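# Structural features, examined
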Amino acid sequence: MIFKRRSLMLGLAALTLGLAGCASKPDLSRIQDPTADFNAYRTFAILPAQPDGTPR
């Protein structure tokens, strides 16, 4: 009897958390600068290139 009650309570808790997780939709937004100059950005390597010049 205790096992059935515990299983029922765990099932109801899982159902409640599952429904709560699906209830709200995240609010996504972004800020974009149309004047951003992406040519000014540079990349760098943490490891040196291989002897033949290809990246690792």
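Residues numbered from 1 in each chain as written. Predicted model: local features only at pLDDT ≥ 70, side-chain atom pairs only at ≥ 80, totals over all residues. Heavy atoms only, no water.

## A word on the overall build of the protein
Rule in force here: Secondary structure elements are taken from DSSP: a helix is a run of H or I of four residues or more, a strand is a run of E of two residues or more, and numbering for both begins at the N terminus. The globule rule used for comparison is 2.2 Å times the number of residues to the exponent 0.38, while the radius of gyration itself is calculated over C-alpha atoms. Accessible areas in this description were obtained via Shrake-Rupley with a 1.4 Å probe; residue shielding takes into account the shown protein chains only. In this count, Lys and Arg are taken as positive residues and Asp and Glu as negative ones, while His and the chain termini are left out. Note that the charge is assigned to NZ on lysines, CZ on arginines, CG on aspartates and CD on glutamates.
Along the backbone of the protein there are 1 helix and 0 strands. Its C-alpha radius of gyration of 26 Å places the protein more than 25% over the 10 Å reference for a compact globule of 56 residues. C-alpha atoms of the protein, sized along the principal axes, occupy 70 × 40 × 10 Å. Surface exposure of the protein reaches about 6,300 Å², of which carbon and sulfur atoms provide 64%. Of the side chains in the protein, 7 bear a positive and 4 a negative charge, and the two mean positions are spaced by 26 Å.

## Side note on the environment of Leu 47
Residue placement: Leu 47 occurs in the segment after helix 1 (2–23). Distance in space between the C-alpha atoms of Leu 47 and Leu 8 is 55 Å, their sequence separation being 39 residues.

## A word on the environment of Asp 33
Applied cut-off: The term polar contact refers here to a pair of N or O atoms within 3.5 Å; inside protein, the definition further demands a hydrogen-donor-capable atom paired with an acceptor-capable atom, and it admits residues adjacent in sequence only when both atoms are side-chain atoms.
Within the secondary structure layout, Asp 33 lies in the segment after helix 1. The sequence separation of Asp 33 and Leu 12 amounts to 21 residues, and the corresponding C-alpha distance is 47 Å. Among the polar contacts made by the side chain of Asp 33, one reaches the side chain of Thr 35 at a distance of 2.7 Å.

## Side note on the packing of aromatic side chains
Our working rule: Each Phe, Tyr or Trp ring (for Trp, its six-membered ring) is paired with any other whose centre lies within 6.5 Å, and the angle between the two planes then decides the class: stacked below 30 degrees, edge-to-face above 60, tilted in between. A simple rule labels every residue: compare its accessible area, found with a 1.4 Å probe on the protein chains alone, to the largest value its type can have, and call it buried under 20%, exposed over 50%, or partly exposed in between.
Overall, the coordinates contain 1 aromatic pair when judged by the stated rule. Seen from their ring centres, Phe 38 and Tyr 41 are 5.8 Å apart, and the 35° between their planes marks the pair as tilted. Summarising the burial analysis for this pair, Phe 38 and Tyr 41 share the class exposed.

## A look at the environment of Gly 18
Along the chain, Gly 18 turns up in helix 1. On the basis of relative accessibility, which here comes to 33%, the residue Gly 18 falls in the partly exposed class.

## Some words on helix 1
Which entries qualify depends on this criterion: Here a helix's expected span is defined as the number of its residues, less one, multiplied by 1.5 Å.
In this model helix 1 runs 31 Å from its N-terminal to its C-terminal C-alpha over 22 residues, within 8% of the 32 Å that 1.5 Å per residue would give. Helix 1 sits mainly on the outside: 0 of its 22 residues count as buried.

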